[in-house]
Amino acid sequence: MVTSAPTLSRRSRILWLVPLLALAIPAATNAYTQFIVNAMLIYTLATLGFTLVIGSLGQLAFANTAFFGIGAYSATIIGTAFGLPWLLTVPVAGLFGALGGFLASAAALRGIRLYYLAIVTLAFGELMRWLYIHAGVVTGGTDGLPVPLEQDFGLSLTSDNVQFYIFLVITCLLFAGTINLLRSRIGRAIIAVRENELATASLGIPTSRVIIMAFVWSGFVVGIAGSMFALHVGHVFPESFGLTQLIIGFAMVLVGGLGSVAGAALGAIALTALPELLRAFPGMEDIFFGVVVMAVLLALPKGLAGLLGRFSPAFQQRYHRN
Amino acid sequence: MKTGVAKLGLFAAIAFLVAGPVLAGETTGLTDNSIKIGVMGPFSGNASSYSKAEIGLMAYFKMVNDEGGVAGRKLVAVPADTACDPAKGIAAAKKLIYQDKVFMLQGNSCSGVAVAIKREVVKAGLPWIVAHAVSDTISTPTVKNIFHGVPTGNTNGEAMAAFVLSKPGTKRVAIVEHPNDWAHSYTNPARAYLKAHGVDPVLDLTMERGATDATAQVLKLRQAKPDFIIAALYEAETAIFLRDMKKYGLNTPVMGTAGTDLQDTLKRVGDLDTVKNYHVLHPYVDNLDGPRMKKWSKMIHKYYPKQDLTNFSYISIGSGIALVKALKAVGPDLTRSKLIAALDNIRGLHTGVLSAPITWTPKDHRGVKGSAVAGFVDGKPTILKAWGTPYE
Amino acid sequence: MFLQLTLSGVSQGALYALVALSLTVIYRSTSIVNFGHGDFVMAGAFLAYVLVIGLGVAYLPASIIAIVAMFLLGVAFSRGLIRPIRGGPHIGLALMSIAFGFTLRGIAATVWGRDVLPMPRVFNIDPIIIGPVLITGNALFTIGIVAVLLAAFFTLLHLTDIGKMVQAVHQSERGARLIGINVGRFHDFSWGVGAALGAVGGILIAPVSLLHPDLGAGFLIKGFAAMTLGGFGSLGGAVVAGLLLGVVEQYAGAYIDTAMIDITPYLLIIIVLAVRPLGLFGRKVVVKV
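Residues numbered from 1 in each chain as written. Chains lettered and ligands numbered in written order. Predicted model: local features only at pLDDT ≥ 70, side-chain atom pairs only at ≥ 80, totals over all residues. Heavy atoms only, no water.

## Considerations on the overall build of chain B
1) Next: Of the regular secondary structure elements, chain B holds 13 helices and 15 strands.
2) Next: In terms of overall size, chain B behaves like a compact globule, its C-alpha atoms giving a radius of gyration of 23 Å where 392 residues would be expected to give roughly 21 Å.
3) Next: Dimensions of chain B, computed from C-alpha atoms along their principal axes, come out at roughly 90 × 45 × 35 Å.
4) Next: Per-residue burial for chain B yields a buried fraction of 64% across its 392 residues. (Helix = DSSP H or I, 4+ residues; strand = E, 2+ residues; numbered from the N terminus. Rg over C-alpha atoms; globule rule 2.2 N^0.38 Å. Buried < 20%, exposed > 50% of the residue type's maximum accessible area, 1.4 Å probe, protein only.)

## Re the packing of helix α9 (residues 216–230) of chain C against helix α11 (residues 260–275) of chain C
Residues and elements named next belong to chain C.
1) Next: Interhelical geometry of α9 versus α11 gives an angle of 25° and a closest axis separation of 9 Å. By the angle between their directions, the pair α9 and α11 is classed as roughly parallel. Crossing of α9 against α11: the hand is left-handed. Two secondary-structure elements touch here, α9 through I221, K222, A225, T228 and L229 and α11 through P265, Y266, L268, I269 and V272. (Axes fitted to C-alpha atoms, helices over the stretch in contact; angles between N-to-C directions. Parallel < 35°, antiparallel > 145°, perpendicular 65-115°, else oblique. Left-handed = near helix turned anticlockwise from the far one by under 90°. Contact = heavy atoms within 4.5 Å.)

## Brief notes about the interface of chain C and chain A
Accessible area lost upon the coming together of the parts is a frequently used measure of interface size.
1) Next: In this complex, chain C contributes 43 residues to the contact, which on the side of chain A involves 39 residues.
2) Next: A per-residue breakdown of the area chain C buries against chain A is headed by I91, L95 and F102 of chain C, which together make up 19% of the total.
3) Next: For the pair chain C and chain A, the number of links is zero salt bridges.
4) Next: Looking at the side of chain C that touches chain A, the elements that each hand over two or more residues are α3 (59–82), α4 (90–112), α9 and α11 of chain C.
5) Next: Tallying contributions element by element places α4 of chain C first for the side of chain C that touches chain A, with 15 residues.
6) Next: A class-by-class count of the residues in the side of chain C that touches chain A yields 33 nonpolar, eight polar and two charged. (Buried area = accessible area lost by both parts, 1.4 Å probe. Salt bridge = Lys/Arg side-chain N within 4 Å of Asp/Glu carboxyl O. Nonpolar A, V, L, I, M, F, W, Y, C, P; charged D, E, K, R; others polar.)

## Observations concerning helix α2 (residues 52–66) of chain B
Residue and element names in this part refer to chain B.
1) Next: Its 15 residues give α2 an end-to-end C-alpha distance of 21 Å, which sits within 8% of 21 Å, the value for a rise of 1.5 Å per residue.
2) Next: The buried fraction of α2 is high, at twelve of 15 residues.
3) Next: Among all positions of α2, only K52, A53, E54, I55, G56, L57, M58, A59, Y60, F61, V64 and N65 are buried.
4) Next: Buried residues in α2 make contact with β2 (34–41), β3 (74–81), β4 (104–107), α11 (291–303) and α12 (317–330).
5) Next: Just past α2, the residue G68 takes up positive phi, approximately 115°. (Expected span 1.5 Å × (residues − 1).)

## Observations concerning the interface of chain A and chain B
1) Next: Taken together, the 27 residues of chain A in the interface contact 25 residues of chain B.
2) Next: Counting each side, the surface lost to burial between chain A and chain B is near 2000 Å², with a carbon and sulfur contribution of 59%.
3) Next: When the area that chain A buries against chain B is broken down by residue, the three leading residues are Y32, T142 and R279 of chain A, summing to 29%.
4) Next: As a salt-bridge pair, D160 of chain A and K94 of chain B come within 2.4 Å of each other at their nearest N and O atoms.
5) Next: The interface formed by chain A and chain B includes seven residue pairs in polar contact (both at pLDDT 80 or more).
6) Next: Listed by contribution, the elements that provide at least two residues to the side of chain A that touches chain B are α3 (31–56), α6 (114–134), α11 (207–233) and α13 (261–277) of chain A.
7) Next: With five residues, α3 of chain A is the largest single contributor of residues to the side of chain A that touches chain B.
8) Next: When grouped by side-chain class, the residues that make up the side of chain A that touches chain B number twelve nonpolar, ten polar and five charged. (Polar contact = N/O pair within 3.5 Å; in protein donor to acceptor, adjacent residues only side chain to side chain.)

## What to know about the nonpolar core
1) Next: Core analysis: the largest hydrophobic core is formed by 238 residues, its most contacted members being L45 and F250 of chain A together with F35 of chain C.
2) Next: With 14 residues, the top contributor of residues to this core is α3 of chain A.
3) Next: For this core, the domains that each give at least three residues are domain 1 (26–151 + 290–369) and domain 2 (155–286 + 373–390) of chain B.
4) Next: Here L45 of chain A is in contact with I170, T171, L174, F175, V221, I224, A225 and M228 of chain A, once residues within four sequence places are set aside.
5) Next: Core analysis: the second largest hydrophobic core is formed by 55 residues, A326, A342, I346 and I358 of chain B among them. (Core = buried A, V, L, I, M, F, W, Y, C linked by side-chain atoms within 4.5 Å. Domains from an automatic or database assignment.)

## Side note on the pairing of strand β9 (residues 228–232) of chain B
Residues and elements named next belong to chain B.
1) Next: Counted residue by residue, β9 has five buried out of five residues, so it is predominantly covered.
2) Next: Two strands pair when backbone bridges link them, and strand β7 (residues 173–177) and β9 are joined in this way by five bridges, in the parallel orientation. Each residue of the ladder has a partner; that of I175, found in β9, is I230.
3) Next: Two elements, β9 and strand β10 (residues 254–255), share two bridges in a ladder whose sense is parallel. Directly across from I229, in β10, lies its bridge partner V254.
4) Next: For the segment spanning β9, helix α8 (residues 235–247) and β10, crossover handedness is right-handed. (Pairing = 2+ DSSP bridges. Right-handed = clockwise from strand over helix to strand, strands pointing away.)

## Remarks on the domain arrangement of chain B
All names here are of chain B.
1) Next: According to the domain assignment, chain B consists of domain 1 (26–151 + 290–369) and domain 2 (155–286 + 373–390).
2) Next: In this complex, domain 1 contributes 19 residues to the contact, which on the side of domain 2 involves 18 residues.
3) Next: Taken together, both faces of the contact between domain 1 and domain 2 bury some 1600 Å²; the carbon and sulfur share is 52%.
4) Next: Applying the counting rule to domain 1 against domain 2 returns zero salt bridges.
5) Next: On inspection of domain 1 and its partner domain 2, the count reaches seven residue pairs in polar contact (both at pLDDT 80 or more).
6) Next: The element best represented in the side of domain 1 that touches domain 2 is α11, accounting for three residues.
7) Next: Considering only residue class, the side of domain 1 that touches domain 2 consists of eleven nonpolar, six polar and two charged.

In structure tokens:
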């Protein structure tokens, strides 16, 4: 049974401390390291959305990169077409991402499960990418689209520091929203559906609606992460949303800890930092990446969040899969 | 302000704030005996064979250093991997500019990355010589600190189309390409050139990267009966395409890009008959194993003995030669602005490696305006100026 | 043109059928989809390359050595990396297979670089021309080998004890254990067979195409599309669907647009989902609560 603590538990206090401490980061970074920190925020959000579907809901839906791309492209296309400042395109991206999530949930609802679902959602992602390449008139084709980086409400968006604060606020808001979702009745229903769908349905819980909600929220979150990515790089290319990114996203979920909110951050940070740290060994990344992931899978089945959980009760994940 | 001194102090502070960064930037990356040059390239990832261009450039720098450097300074290359990925490329550029604090940038094989980092480079204002990537949008419209040291997509596409039209009687032209920006950077200008000369392509086909079969494309081409085929395909796909052309008895001449090489293609398809109709853009003064290129091969092997030399290996050397010429023109009192001014003064420089000379003016930073073509004549790879006309 | 496209499609499709079959063997036996399978295909091709070009072994013995080596690799992978995490979530197993494939790819890239490597042709006979159709030695060879392999495989499956064992384990693991079948070793064996069959695909494609470390990705997707079309878990379905996919690709490319060739597998997957999720030969799975 899960009880909700009315007072500020130790865990909640830590959760509030992290973003407050984070406010000081730009003082310690140069443009390069700040750029990497921004990337970490973006991937943390994307991983959060991904882990919600494959961890908490337990569905092997590999559509995350598709949502990410849909968010990035919709924000850029609509922003350019209507001359909208970037900040206003963020909810647009979320909306389109949510729509994508809704479409993806249709597959899950038809009883498609496990690997079949994985393959179908993978196909969906690749189809989107083919569209980006061949719908040149709208999407800029293989040249991609530049993201308009004019000033938004007096803020200079080309500054990595400004981007950092904006991303931090958005990420914290969406993290709070997701945590609330998971703690609510719907959240518990999501976990229940993962554990045993038929039994849950027999209890009178509308499992279809639960599945759709999880997918839609995931699409929303990841779509917004996509719009952040568009701003971060300044240009959207079709190649940024392919199979390699999917695999990295999925590794981030597992290394962080399946279904773990804190794990989403840990996994994203670890696997964003790793390629930068490996700059000294060009060409060895694939091997390193493969070996690191295999090692984590063998030694840390609950990921980094599980590891931290062993040392600090504050990090104990209540929604962990055994 | 309360007192005149305070006013003066404020004025000085403001002046320093404005001028300070500019002054600091001008000599960043310089010491009395070294110049730090950031060399970005796809050293890892599935485009890593392109990074041979950056290796060639760095070998040239080492050779210059062994001959004493430039005005008492050695050229110190700081390589950074882009993996041909825009996000990673921006990280690499920022690292070079803000962490490693280089004096200038030279390199870049991938156009997507170059386009993505352009904003950063414009903001930072340091000189950037694009030494391999071909996308025209990098250097057009002209930006003060960005120089293009290789033939751009426009130049290449036009050279391909011009060669195709130089064959007497060419009326029907077909195009096969990968659906990516690399291929389009060749075929779009080629199409424009053809159209300007009254020729509309009779067939436009795509072939996917990684395809192992070109039957559909070849059969369609057989139906369309073109006089010449323009193929913007990578090495593996080119070999497969040529092989399937031979298989189905299609004998049309094919014009390829600068991404493939005659010798390598011959090696891949295994027999001369399959490649005898194949032509490639060859932006060099000689065949890769010809006498004029020998000194460059030797140079690269001196510093990178295990390096497998391909046609990519030499493409960046020309811009390196131009850089050194400009550095020598400035002399020991070096700043970024002075280097840019010296680069803007390079006129008609014959590098001894590129088939066309390099010219940079303040209004036009696309330095190389032509490319030769290579084809098999009597079984031997030969550099050509036009159909049936050798380059000399 | 139609006949030529069909022949070309069957030749390509034979390879897809092989990849789909090898994927299904693993899936049927272990309920795991090997997301790194494309890289097994690539590894088989590279092993053959090393033996033929590097050590001067003739093509046929080199192929056999490569197949055996890949069998052993599959067994080792199952034993060392899959067994420890068998009880965990499916997503972990999927990621393990991807990570292993990535590592194989990284090794290939480190040793041979990312350049494209040529392999000499197996047959240098002139193509046979029957009417408007041209048949190359390679096409004959590929179709022939795959046909023989499939015949042998299905005979083994349905007419021998081993085959009966396979079906037993798939139907009920616990039951199989109860009657004394060593399920763990059986799983290892299945991975080995799957890897070896995949390697055959690689060995057949090597002389026809060119080798590079990213060779596998395309085959993986085609394999998935064929599995989906044929019905997940159906061995015969995988083969039929593989052939169909090869042919449909060619038709779409020639009659609609060559840009369609790449997208055909994905479209097929989505169409099958929308119209008949079970595929051509799939059967509804009954899940006990």
